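# Architecture at a glance
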Amino acid sequence: MKRFLVAIDGPAGAGKSTVARQVAKRLGLVYIDTGAMYRALAWKALRDNIPLQDEESVTRLAESLTFTLHPKGISINGQYLSHEIRTPEISAAASTIARMLGVRRVLVNKQREIAEKQNVVMDGRDIGTNVLPHADLKIFLTASIEERAKRRYNEMKAKGLPADLEQLKKEIRERDDQDRTREHAPLKQADDALLLDTTHRSIAEIVENILQLCRNKLSNRE
Ligand code: CDP
Ligand code: CDP
């Protein structure tokens, strides 16, 4: 049977990974966190003292890595990474290397290869516009900047980490601006994506909404 592909894009803290993971689980699809690939690559570049502005070297590094996605983390060449790629420093570094055409070509190819073999829910910034332009369902998740910063703040507090709401807001705004205005595959709602604002809506509500949309698409294919 033809693959069933769901694309979820949106800015930082919109709820993409939480929602995508639950939708995938409920429908028996594989969840692919493409942001984790950019984060893992940035982490490895910093680890290997590769300057983040050096496109050639970062692209070569990306080519040399095998990325394996796990339910709660990612491994690169067999090395498992989870919380260490979720720091503010790695968020900013991921956004920096994500501007590079060479890096995007390598990672997008790997993402497409994954989606060729299985039914997936893939989340990121350019899934509906670029990675999977023929996805069966495209969702663009968003929420106000205040709400998104508050969510990150609550997450950090829950982990016992120090957090400053205004600082988080500033970091998210800067990263979103960089992601939206970059030349290659910027963060953008695809023309055929459905916009869902999660500001005043619970995770369960959004998940149900997307599940219903998936079921409609699936029943139309039968
Ligand atoms: O992947 P993305 O950066 O878009 O967001 P996330 O990591 O899935 O969600 C950020 C935080 O917001 C998580 O702690 C979610 O539990 C929370 N969230 C929420 O409170 N209400 C929603 N409707 C969606 C997410
Ligand atoms: O979880 P959060 O929404 O904060 O970020 P993420 O999805 O883990 O992505 C981290 C960074 O990787 C983003 O700010 C983008 O710059 C980049 N990214 C991208 O360019 N394209 C993707 N498909 C996924 C992530």
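Everything discussed here concerns the structure shown above.
Now for a description of the structure that goes with this document. (Residues numbered from 1 in each chain as written. Chains lettered and ligands numbered in written order. Predicted model: local features only at pLDDT ≥ 70, side-chain atom pairs only at ≥ 80, totals over all residues. Heavy atoms only, no water.)

## Looking at the site of ligand 1
Applicable threshold: Any residue with at least one heavy atom within 4 Å of a molecule or strand is counted as near it. Polar contacts, as counted here, are pairs of nitrogen or oxygen atoms within 3.5 Å of one another; within protein the pair requires one atom able to donate a hydrogen and one able to accept it, and residues that are adjacent in sequence qualify only if both atoms are side-chain atoms. Per-residue accessibility takes into account occlusion by the displayed protein chains alone, with areas from the Shrake-Rupley method and a 1.4 Å probe. Only DSSP runs of H or I with at least four residues qualify as helices, and only runs of E with at least two residues qualify as strands; both kinds are numbered from the N terminus onward. Amino acids are sorted into nonpolar (Ala, Val, Leu, Ile, Met, Phe, Trp, Tyr, Cys and Pro), charged (Asp, Glu, Lys and Arg) and polar (every other residue, Gly among them).
If you check the shell around ligand 1, you find 15 residues, and the closest are K16, S17, T18, R152 and E155. At 3.1 Å from an oxygen atom of ligand 1 is found a main-chain nitrogen or oxygen belonging to A14. Here ligand 1 has 540 Å² of accessible area as a free molecule, and 81% of this is covered by the chains. Elements with a minimum of two residues in the shell around ligand 1: α1 (16-27) and α7 (145-158). A breakdown of the residues in the shell around ligand 1 according to their chemical character gives four nonpolar, six polar and five charged.

## Let's talk about the sheet that holds strand β5 (residues 79-81)
Stated formally: By definition, two strands form a pair when at least two bridges between them are found by DSSP. To obtain each axis, a line is fitted to C-alpha atoms, and for helices this fit is confined to the stretch in contact; angles are then taken between N-to-C directions over 0 to 180 degrees. Residue contacts are defined here by distance: any two heavy atoms, one from each residue, within 4.5 Å place the two residues in contact.
The three strands are arranged β3-β4-β5 in an open sheet whose pairing can be described as antiparallel. Since the sheet does not close on itself, it has two edges, and those belong to β3 (67-70) and β5, each with one partner. Recorded for the sheet is a direction-independent mean angle of 25° between the axes of neighbouring strands. Bridge analysis of strand β4 (residues 73-76) against β5 gives three bridges, and the strand direction is antiparallel. Within β5, the residue paired with I74 across the bridge is L81. Where helix α2 (residues 34-47) meets the sheet, its contacts fall on β3, β4 and β5, and the angle it forms with β4 comes to roughly 50°.

## Here's the deal with the environment of L52
Counted only if it meets this: Working definition: with a 1.4 Å probe on protein chains only, accessible area under 20% of the residue-type maximum means buried, over 50% means exposed, and in between means partly exposed.
Examined against the element boundaries, L52 turns out to sit in the loop between α2 and α3 (55-64). When its relative accessible area of 18% is taken as the criterion, L52 is described as buried. Setting aside residues no more than four positions away along its own chain, L52 makes contact with A42, A45, L46, V58, A93, T96, I97 and M100.

## Details of the sheet that holds strand β6 (residues 120-124)
Spatially, the five strands line up as an open sheet ordered β2-β6-β1-β7-β8, and their pairing is parallel. Each edge of the open sheet is held by one strand with a lone partner, namely β2 (30-33) and β8 (194-197). For this sheet, the mean angle separating the axes of adjacent strands, direction not counted, is 20°. As paired strands, strand β1 (residues 5-9) and β6 are joined by five bridges and run parallel to one another.

## Regarding the environment of N119
Tracing the chain through its elements places N119 in the loop between α5 (101-117) and β6. A sequence separation of 67 residues divides N119 from L52, and the C-alpha atoms of the two residues are 33 Å apart. Ignoring sequence-local partners within four residues, the contact set of N119 consists of K2, R3, F4, L29 and V30. Within the structure, N119 has its side chain in polar contact with the backbone nitrogen of F4 (distance 2.8 Å).

## Details of α7
Put simply, the rule is: Any helix carries an expected span of 1.5 Å times its number of residues minus one. Along the arc lie the directions from the helix axis toward the C-beta atoms.
With 14 residues, α7 extends 20 Å between its outermost C-alpha atoms, agreeing within 8% with the 20 Å of an ideal straight helix rising 1.5 Å per residue. Where α7 is concerned, the buried positions are I145, R148, A149 and M156. Down the axis of α7, the buried side of the element spans an arc of 95°, and every buried residue falls inside it. On its buried face, α7 sits against α8 (165-181). At the exit of α7 stands G160, carrying a positive phi of roughly 75°.

These figures capture arrangement, not role.
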